[in-house]
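A structural walkthrough
Here's the letter readout for the chains.
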Amino acid sequence: MAADRMYSLTHAQKRIWFYEILHPSTRLRNSFAYCWFEKQVDHDILNQAIQQLIEKNDSLRTKVVEVEGELAQYFETFRPYEVERHHFENDAAAFDQFVQTKVATPFAAEGPLYHFSIVTLPNGLDAVFFGVHHVIGDGTTIALIIRKLADYYQQLADGHAIAMEPSFREVVQFEEAYQQSTAYAEDEDYWLKKFEPLPVDTGSIKSSDHIAAKEKVYPISADLEQRVKQFCTQHDIRFYHVLIAGFCLYWARVKGLHDFAMGTLSHGRYNDQMKNMLGMFANTLAMRLQINPEKASFFQWIDTVKKEMAEVIAHDKYPYDKLVGHLKTNTPQLKELFNVVVNYARVNFSIPSKRFFNQSDEYELTFNIYVVGPEKAFEIKIYYQTAVYTLKDIDQLFDIYCHLIDQGIKYPEKPLSQLSLLPEGRLKQIINFNPPLKEFPSSPSCMDEWFEVIADRFAQNQAVFHHDISLSYQDLNQKANQLAWLLRTHYDIGRGDLVGILLQRSELPIITILAIIKSGAAYVAMDPDFPSDRVRFIMQDSEAKILVSEGDVMQKHHDLDLDYIDLRKDHWASQPLDNLPKQHDSSDLISIFYTSGSTGLPKGVMVEHRNVINLIQSQLDTFKISDDERILWFSPMNFDASVEQIWLALTSGSSLFIPSHEVLKSPQELSQFISSHRISHLHTTPGYLDHIQPDSADLRRIICGGGYLYIKYRQAVVTTVCVLQ
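Rules used throughout
- Residues numbered from 1 in each chain as written.
- Predicted model: local features only at pLDDT ≥ 70, side-chain atom pairs only at ≥ 80, totals over all residues.
- Heavy atoms only, no water.
- Phe/Tyr/Trp six-rings, centres within 6.5 Å; stacked < 30°, edge-to-face > 60°.
- Buried < 20%, exposed > 50% of the residue type's maximum accessible area, 1.4 Å probe, protein only.
- Helix = DSSP H or I, 4+ residues; strand = E, 2+ residues; numbered from the N terminus.
- Arc of directions from axis to C-beta.
- Contact = heavy atoms within 4.5 Å.
- Pairing = 2+ DSSP bridges.
- Axes fitted to C-alpha atoms, helices over the stretch in contact; angles between N-to-C directions.

Going through the model one piece at a time under the given rule, you end up with 37 aromatic pairs. Relative to Tyr184, the ring of Tyr178 lies with its centre 5.3 Å away and its plane at 80°, an arrangement referred to as edge-to-face. The burial state of Tyr178 is the same as that of Tyr184; both residues are buried. Ring geometry for Tyr320 against Phe338: centres 5.2 Å apart, planes inclined by 40°, an arrangement best described as tilted.

Set out below in structure tokens:
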């Protein structure tokens, strides 16, 4: 192996090989197909055509190696390839088994990264079954192999020699020249500006180890296709722009997104020579889409998507992996900009053929829009990770997608928010599924009143537990009263006021919440790990009168010039133990939760007592919470999910268990905490649930929201998991 035969991998190849390292010995990067011949063929000439294909196209002979810690490639000298021959006449089962085995078998790095077999199909026709590793071939390569095999076969049958094809080393040199050009610098500047700052909805995107996937193909109905074509003709719009815009709109509407990235693909072949070459050229691109459903119409949305597609294609030489690498500098936790891809391609093979799906995909959803054959029929092919979606999910996705496009072309000038997401039949089904409305209770009028009734009824029940501290309902109520009297009499806190909370996880935040609302005020919770500037902004923006904290926390925020009550000092223990007279009712605020500020400055969301009363009463009824429950406080106090976790316990006479911040950071320690404390009610995120093993016979239910619940939990604990997608 001479040194002058070594070449760097292109960025498209590097991205493929990275996933090979991430998911070794899997079928993820296998790409298989077969093409058949309607007429009888000469097997010897067909074998020669395969040999010539391997010899004349050096990208097929690619070998990937590591040289001094860097990936490199060289092109092996051609050696005759032993083409397998198989006969499956009248034996469809054997052929299916052959295909499944080949598609599922990973290519060995030390062996050829391709496979060719001459097979006789069950119907008696001759065919070439072949496959390549993605590092040496993309989707266009599959079509080119089929075309070249047919061309080579005909040339050899006519007695002509096969000319040498351009070398893939020219592609490597093309990319290296591009990286030294001003165009590269301009493209890099374009992409970095596009994703600075990151889209609002990037935080929920993560790479997944669950790559197992399936595919489902859907034809566009003749009726819908005809009406979309009429719409396109009337308004001078491309058909595929409507289909792509329709999927992007579906994703934004269903997921509630306003600023998000959507993946797409570029063929990566930039001249006539490349268009005829085998190899891995495809580049991943990230569209950034921003949508205001209240203002934008379907016309405007199509135009937005069309312009974004044209813009990213104009800068498609820049490698996606380089973009993500640059963005990680400021956001180290970033894995991907997207986990959903929309793709458009024309599929018109020169001879009959079929591609095989490899039952795996790196993205949770890939939405392919294909124009198939000379008749140019449109079809949708969806790849979906089976850990995230069921076939029923995908069927519903396609139904809603078609309905949304139908709504868009019917009412193209309406705001997008006014386009119905659900067909009338499904909408009625959902409406009928929900129970009838109930009268809002006249009592209690506020959450502290409700708590006081429970504290009187279950006075000796354990209310909260943290480390070695256990408070009964009577203890908790009396301590909250003492702090509430301090707030009202010493700090003039009352109805309409706001009080900030900056406390570590313990029993103190629970006492403080109760004390603040007993005083008639509302609380504004903040995380002790917030930067001081964020704490200062929230206190000023909310106009909170005072901050409740503790000395250790305030030492971290020594640059804050704020008055605060230090709960670790025993200056409130002498206050009265009695409940305070009420100054407020159900229409008063109980809390303000501030958003992350990812779209600018944090914004306060106001929550009233009646909102919480409605939520908790509904969940008590739905989950059948009893006074012997052991409920885990999981979510940070500045997240609205903490409302459900805290108040489900405090309004039912059950116990609220408070793990430390350190325990929550360790899935193993949290699993042990759940088991050892016999937790019965767990509310967490699907992403966190995927890393813990709550093996407890006492666990009665798991509440999951804010993401996708993997199928294994839906199936394994369906009787105890409440999915809030």
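Read on for the rest.
Here we come to helix 22 (residues 667-676). By the burial criterion, the buried members of helix 22 are Leu670, Ser671, Phe673 and Ile674. When helix 22 is viewed along its axis, its buried side chains cluster within an angular range of 160° and face the same direction. When the buried face of helix 22 is taken as reference, the exposed residues oriented beyond 90 degrees from it are Gln668 and Ser676. Looking at the buried residues of helix 22, the elements they touch are strand 23 (630-632), strand 24 (655-657), helix 21 (661-665), strand 25 (681-684) and helix 23 (686-689).

Turning our eyes to something else, we now look at the sheet that holds strand 4 (residues 70-75). Strands sit in the order 1-4-3 across an open sheet of three strands; the sheet is antiparallel. Edge positions in the open sheet fall to strand 1 (7-8) and strand 3 (62-67), since each of these has one partner strand only. Pairing analysis gives six bridges linking strand 3 to strand 4, with the strands arranged antiparallel. By the bridge assignment, Val64 is partnered in strand 4 with Gln73.

Read across the open sheet, the five strands follow the order 5-6-7-2-12; overall the sheet is mixed. Each of the sheet's edge strands pairs with one partner strand only, and the pair in question is strand 5 (84-87) and strand 12 (353-356). Averaged over all pairs of adjacent strands, the angle between their axes in this sheet comes to 20°, without regard to strand direction. The pairing of strand 5 with strand 6 (residues 114-120) spans four bridges and is parallel. Bridge pairing in strand 6 links Glu84 to Ser117. Sheet strands touched by helix 3 (residues 92-104): strand 2 (30-37), strand 5, strand 6, strand 7 (126-133) and strand 12. Its angle to strand 2, the strand with the most contacts, is close to 145°.

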